[in-house]
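A structural walkthrough
Here are the chains, one letter per residue:
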Amino acid sequence: MSVPISQMWAVASYVMRQKLRGRKRYPLVLMLEPLFRCNLACAGCGKIQYPAQILRKQLTVEACLKAVEECGVPIVSIPGGEPLMYPQIGELVDALVARRKYVYLCTNALLLKEKLEQGVFRPSRYLTFSIHMDGLREEHDEAVCRDGVYEKAVEAIQEALRRGFRVTTNTTLFDGVNPLRMREFFDEMMQLGVEGMMLSPGYSYSKAPDQEHFLRRTKTHALFSQLLSNPKRHWIFNQSPLFLQFLMGKHDYECTPWGNPTFNLFGWQRPCYLLQEGYAESFQKLMETTRWENYGRKSGNDQCRDCMVHCGYEPTAVDQTFGSWKGFRGALVATITGRL
Amino acid sequence: MTLEGWVPELGEGLTLSQVIELAFDYRGNTTVVKVDGTEVEGYLFNRNCEVPEPFIQMFDQNGNGPFRIPYAEIRNIQFSGKDMAAGRSWEAWVERKQREGAQPATGHGKEEE
């Protein structure tokens, strides 16, 4: 079992409440970015390239909590930048756990062991460290543009598990990835004892510096089919099986850009976690004034054509899972049989 | 290609709205030259041209703000600050790694503050 029953129930009951209220557009996971500072500069990341005065800034804990209350989601993901560089990260996580929010703290783990030793965090079923791991040692260090990061991340994973924390990995797959090596990576992560793994195809958004290595949709289908068509029983993916099937080309979903709204120093990001086309001053204004019809595959927007990233499509898969008997049955069968 | 150092010449071929869009996309500080002659240097992080009074929003070079400036008060925008997205590419990292040999001591990347 990858995700605690309590978390599954929290998400399922939340989705069903939205359906009962007739709410067509609802958020599922808040992407809360308290700062843009990072201790890495990965070639695939365009999120940290700002002038110094912006990198020095950060949200207050109050502003973070206000954003969480505004959108009312059951799950809060804390990426960045590197969230462990946020001085109030312990206080923020404590406050979110007290509010019974399921927190995924997305980190490169370089500072994790130190923070654990300092007692900044306490194990809780509401808190998961989601460790950025893009492959085996050579591939990961190349993806993050620094040698030695993989080893440090593995040490941090082991320490966090030893202390009783929930730990998952999150992996972005770029063009040129070796499927056999990636399957070996899955084996290695499960051998470490992580709760589950999360996958997403890399997406070329205009501010990311590396434009040539991002996947295209057909190649994405082929890659994920190779990776997941014959999954090993001990592999656990901390994601909706319908989303993984979508990556394999088995479902034709439309994006849900409001599903993972993003809040950071600049406000509520339009339209989604990846595209930065402006900011709204409140969650309500984000939902009411963003021209949603301009995004997603059906819109014809070039920027959306090849995108299959989790932040837009996993909410769709979750909505399908808990919003229809067909979706629920499909997800249940995949979960029980372990076949995608 | 970078816009760093560019001082736009507004005219028929280039409108203020177009320059504002480019400044919004630019990953560095810009200098907003106002119609009253004053200048504000900082990071332009938002613009909204779909409201009755279109505006930009920015943090100044000390991080103060956000400040809202209506389009109507802007004469021009200069791309005065360093482009923080320029040169940070996969290819640059690979080249550096090859220069350092088989076992580089360090990769590139921001050091922890």
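The structure presented is a predicted model; accordingly, all values stated were derived computationally and were not measured.

**Considering the overall build of chain A**
- In terms of helices and strands, chain A carries 13 helices and nine strands.
- Computed over its C-alpha atoms, the radius of gyration of chain A comes to 19 Å, within 12% of the 20 Å expected for a compact globule of 340 residues.
- Across its three principal axes, chain A shows a C-alpha extent of roughly 45 × 45 × 40 Å.
- Residues classed as buried in chain A amount to 54% of the 340 residues present.
- For chain A, contacts bridging at least 24 residues in sequence account for 78% of all contacts bridging at least 6.

**Let's talk about the overall build of chain B**
- A count of helices and strands for chain B gives two helices and five strands.
- Burial analysis of chain B (113 residues in total) assigns 25% to the buried set.
- Sequence-distant contacts, at least 24 apart, represent 50% of the contacts inside chain B between residues at least 6 apart.

**Some thoughts on unusual backbone geometry**
Residue and element names in this part refer to chain A.
- In this structure, Gly81 follows Gly80 across a cis peptide bond, with omega equal to 25 degrees.
- Among the structural elements, Gly81 can be located in the loop between strand 2 (75-78) and helix 4 (89-98).
- Put simply, Arg270 and Pro271 share a cis peptide bond, and its omega is -15 degrees.
- Within the element layout of this structure, Pro271 appears in strand 8 (residues 267-271).
- The backbone of Arg100 sits at a positive phi, close to 60 degrees, despite the residue not being glycine.

**Brief notes about the nonpolar core**
- Ranked by size, the top nonpolar core spans 121 residues in total, and within it Leu30, Leu32, Val76, Val103, Ala153, Ile157 and Tyr313 of chain A carry the most contacts.
- Excluding residues within four positions of it along the chain, Tyr313 of chain A makes contact with Phe243, Phe246, Tyr253, Cys255 and Met308 of chain A.

**Some points on the pairing of strand 1 (residues 29-32) of chain A**
All names here are of chain A.
- Burial along strand 1 is two-sided: Val29 and Met31 facing one way and Leu30 and Leu32 facing the other are all buried.
- For strand 1 and strand 2, the ladder comprises three bridges, and the chain directions are parallel. Its bridge partner being in strand 2, Val29 is matched across the sheet by Ile75.
- Where strand 1 and strand 7 (residues 262-264) come together, two bridges link them in parallel fashion. Bridge pairing links Leu32 to Phe263 in strand 7.

**Comments concerning the sheet that holds strand 1 of chain A**
All names here are of chain A.
- In spatial order, the strands read 6-5-4-3-2-1-7-8-9; together these nine strands make up an open sheet with mixed pairing. A single partner strand is all that each edge strand has here, and the edge strands are strand 6 (196-201) and strand 9 (276-280). Direction aside, neighbouring strands of the sheet carry axes that sit 30 degrees apart on average.
- Seen against the sheet, helix 3 (residues 61-71) touches strand 1, strand 2 and strand 7 and runs at an angle of roughly 160 degrees to strand 1.

**Considering helix 3 of chain A**
Residue and element names in this part refer to chain A.
- Within the span of helix 3, buried status applies to Cys64, Ala67, Val68 and Cys71. An end-on view of helix 3 places all buried positions within 100 degrees of arc, on one side of the element. Exposed and facing more than 90 degrees away from the buried side of helix 3 are Glu62 and Glu69.
- Elements that come into contact with the buried residues of helix 3 comprise strand 1, strand 2, helix 4, strand 7 and helix 11 (283-289).
- Once helix 3 ends, the next one or two residues include Gly72, with phi positive near 70 degrees.

**Some points on the packing of helix 12 (residues 310-323) of chain A against helix 13 (residues 325-337) of chain A**
Residues and elements named next belong to chain A.
- At a minimum axis distance of 5 Å, the contact between helix 12 and helix 13 shows a crossing angle of 105 degrees. The angle between the axes of helix 12 and helix 13 places the two elements in the roughly perpendicular class. The residues of helix 13 that touch helix 12, namely those facing Gln320, Thr321, Phe322 and Gly323, are Gly327, Phe328 and Ala331.
- Across the contact of helix 12 with helix 13, the residue classes tally to three nonpolar, four polar and no charged.

**Examining the sheet that holds strand 1 (residues 30-34) of chain B**
Residues and elements named next belong to chain B.
- Spatial ordering of the open sheet is given by 4-3-2-1-5, a layout of five strands whose pairing is antiparallel. Both edges of this open sheet fall to strand 4 (67-70) and strand 5 (74-78), since each of them pairs with a single strand only. Shown here is a sheet whose adjacent strand axes are inclined to one another by a mean of 45 degrees, direction ignored.
- The pairing of strand 1 with strand 5 spans four bridges and is classified as antiparallel. Residue pairing for strand 5: Val32 is matched across the bridge by Ile77.
- The sheet contacts of helix 1 (residues 16-25) involve strand 1, strand 2 (39-48), strand 3 (55-60) and strand 5, and relative to strand 5 the element is tilted by about 40 degrees.

**With respect to the environment of Leu10 of chain B**
Residue and element names in this part refer to chain B.
- By secondary structure assignment, the location of Leu10 is in the segment before helix 1.
- In the structure, Leu10 is positioned 67 residues away from Ile77 in sequence and 9.8 Å away in space, judged by C-alpha atoms.
- Discounting chain neighbours no more than four positions away, the residues touching Leu10 are Thr15, Leu16, Val19 and Asn76.

**Here we look at the environment of Tyr50 of chain A**
- Secondary-structure assignment places Tyr50 of chain A in the loop between strand 1 and helix 2 (52-55).
- With 23 C-beta atoms counted inside 10 Å, the residue Tyr50 of chain A sits in the buried group.
- Other than its neighbours up to four places away in sequence, Tyr50 of chain A contacts Phe36 and Leu55 of chain A together with Arg27, Tyr43 and Met84 of chain B.

**Section: the environment of Asp175 of chain A**
Residues and elements named next belong to chain A.
- Within the secondary structure, Asp175 is located in the loop between strand 5 (166-173) and helix 8 (179-192).
- In this structure Asp175 comes out as partly exposed when scored by C-beta crowding, with 16 C-beta atoms within 10 Å.
- The spatial distance from the C-alpha of Asp175 to the C-alpha of Gly202 is 7.9 Å, given a sequence separation of 27 residues.

**Section: the packing of helix 3 of chain A against helix 4 of chain A**
Residues and elements named next belong to chain A.
- Between helix 3 and helix 4, whose axes approach to 10 Å, the crossing angle comes to 30 degrees. The orientation of helix 3 relative to helix 4 falls into the category roughly parallel. For the element pair helix 3 and helix 4, the recorded crossing hand is right-handed. Contacts between helix 3 and helix 4 involve Val61, Cys64, Leu65 and Val68 from the first element and Glu91, Leu92, Ala95 and Leu96 from the second.

Basis of the calculations
- Residues numbered from 1 in each chain as written.
- Chains lettered and ligands numbered in written order.
- Predicted model: local features only at pLDDT ≥ 70, side-chain atom pairs only at ≥ 80, totals over all residues.
- Helix = DSSP H or I, 4+ residues; strand = E, 2+ residues; numbered from the N terminus.
- Rg over C-alpha atoms; globule rule 2.2 N^0.38 Å.
- Buried ≥ 20, exposed ≤ 12 C-beta atoms within 10 Å, placed from the backbone.
- Contact = placed C-beta atoms within 7 Å.
- Core = buried A, V, L, I, M, F, W, Y, C linked by C-beta atoms within 7 Å.
- Pairing = 2+ DSSP bridges.
- Axes fitted to C-alpha atoms, helices over the stretch in contact; angles between N-to-C directions.
- Arc of directions from axis to C-beta.
- Parallel < 35°, antiparallel > 145°, perpendicular 65-115°, else oblique.
- Nonpolar A, V, L, I, M, F, W, Y, C, P; charged D, E, K, R; others polar.
- Left-handed = near helix turned anticlockwise from the far one by under 90°.

Limitation: the analysis is restricted to geometry and does not speak to function.
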